[in-house]
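Each chain is listed here by its residues.
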Amino acid sequence: MMAAAFIACSHHVFAAKKFKSIEVETAKFAKSDSTAEVSVLVQWPVKGDKAVVDSLRKHINYLLCSELNSPDDVKAYGESLFESLSIDWHSVYDEMPPEERLGAFTKHHEITMEAQTNNYITYFYRTHEYQGGIHGFTTEVGFTFRKSDGKQIPLLADTDSPELAQLIKKGVKQFFAGGSEEEMNDEAVLEYLFITDAEDLNRIPLPGNPPYLSKTGLVFLYTQYEIAPYSSGIITFEVPFKDIMPFLTPEAKELIP
């Protein structure tokens, strides 16, 4: 099969300073055949305060394990990734009869700007990978950068607070209720989690990856298998600023109007 490819390029005193908006250029790459399937989408920062732009670019390269210098580099990155996956596929399946082959190896990377305010910018990374087996694995994570210096700062304080634990419990229950404000009883939500005792819902651990700021609240995200089986998906929910504010670090509070 011929491969198909595509490429296209509260009020605080300190908040008086207006930081530049970060402008991005979206670069896309996609290529697939019977052995490999690759897609890459990157919103590359091209204009704004240098400290923030440099920090975002460095983090994008960290996520992709690459050294991109511009949006144009996405094509070469995608081509290299496709070639590597195809070689891996052939090394696994060439000696197998066609009926035993499980399909093309896949990698999808998507790095986009999730939120931007005067004081911070949040990027979101979603990646999916399949290299044989029953199913692939998806990872999603957000990263918030302070505009004053381009740094990621700790957002949560008092992480052992029972009150914070109740917000986590509420968010998890709302996720499985479809995001509605309707209450799901404790016994019902246990069906979706590794937890078997309703009392343990009051002690759900924080996600391994730190939360991130949207424009309206703090977002928590649990990866697959972290607190629930694969079938439960990626558990994510947002706690509004009015509820999460008591549990934020002083640095995080300064970012929120």
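Structure shown above.
Residues numbered from 1 in each chain as written. Predicted model: local features only at pLDDT ≥ 70, side-chain atom pairs only at ≥ 80, totals over all residues. Heavy atoms only, no water.

**Here's the deal with the nonpolar core**
Phase 1: Within the largest apolar cluster, 32 residues are counted, with the highest numbers of intra-cluster contacts made by Val 172, Leu 193 and Ile 244.
Phase 2: Looking at this core, the elements that each hand over two or more residues are helix H3 (162–176), helix H4 (186–190), strand S8 (217–222), strand S9 (235–240), helix H5 (241–244) and helix H6 (250–255).
Phase 3: A per-element tally of this core places H3 first, with five residues.
Phase 4: Leave out the neighbours within four places in its chain, and Val 172 touches Val 189, Leu 193, Ile 204, Tyr 222, Ile 227 and Phe 237.
Phase 5: Counting 30 residues, the second largest nonpolar core, distinct from the first, contains Leu 64, Tyr 93, Ile 111 and Tyr 125. (Core = buried A, V, L, I, M, F, W, Y, C linked by side-chain atoms within 4.5 Å. Buried < 20%, exposed > 50% of the residue type's maximum accessible area, 1.4 Å probe, protein only. Helix = DSSP H or I, 4+ residues; strand = E, 2+ residues; numbered from the N terminus. Contact = heavy atoms within 4.5 Å.)

**Considering the pattern of salt bridges**
Phase 1: In the structure shown here, the tally under the stated rule is 10 salt bridges.
Phase 2: We note a salt bridge from Asp 54 to Lys 50, for which the minimum N-O separation is 2.5 Å. Within this pair, Asp 54 and its partner Lys 50 are both found in helix H1 (residues 50–64), separated by four residues, close to a single helical turn.
Phase 3: Linking Lys 169 and Asp 186 is a salt bridge whose minimum nitrogen-to-oxygen distance equals 3.2 Å. Linking Lys 169 in helix H3 with Asp 186 in helix H4, this pair joins segments that are 17 residues apart in sequence. Here Lys 169 and Asp 186 have matching classes, each one buried.
Phase 4: Linked by salt bridges that have partners in common, Lys 31, Lys 75 and Glu 79 make up one network. (Salt bridge = Lys/Arg side-chain N within 4 Å of Asp/Glu carboxyl O.)

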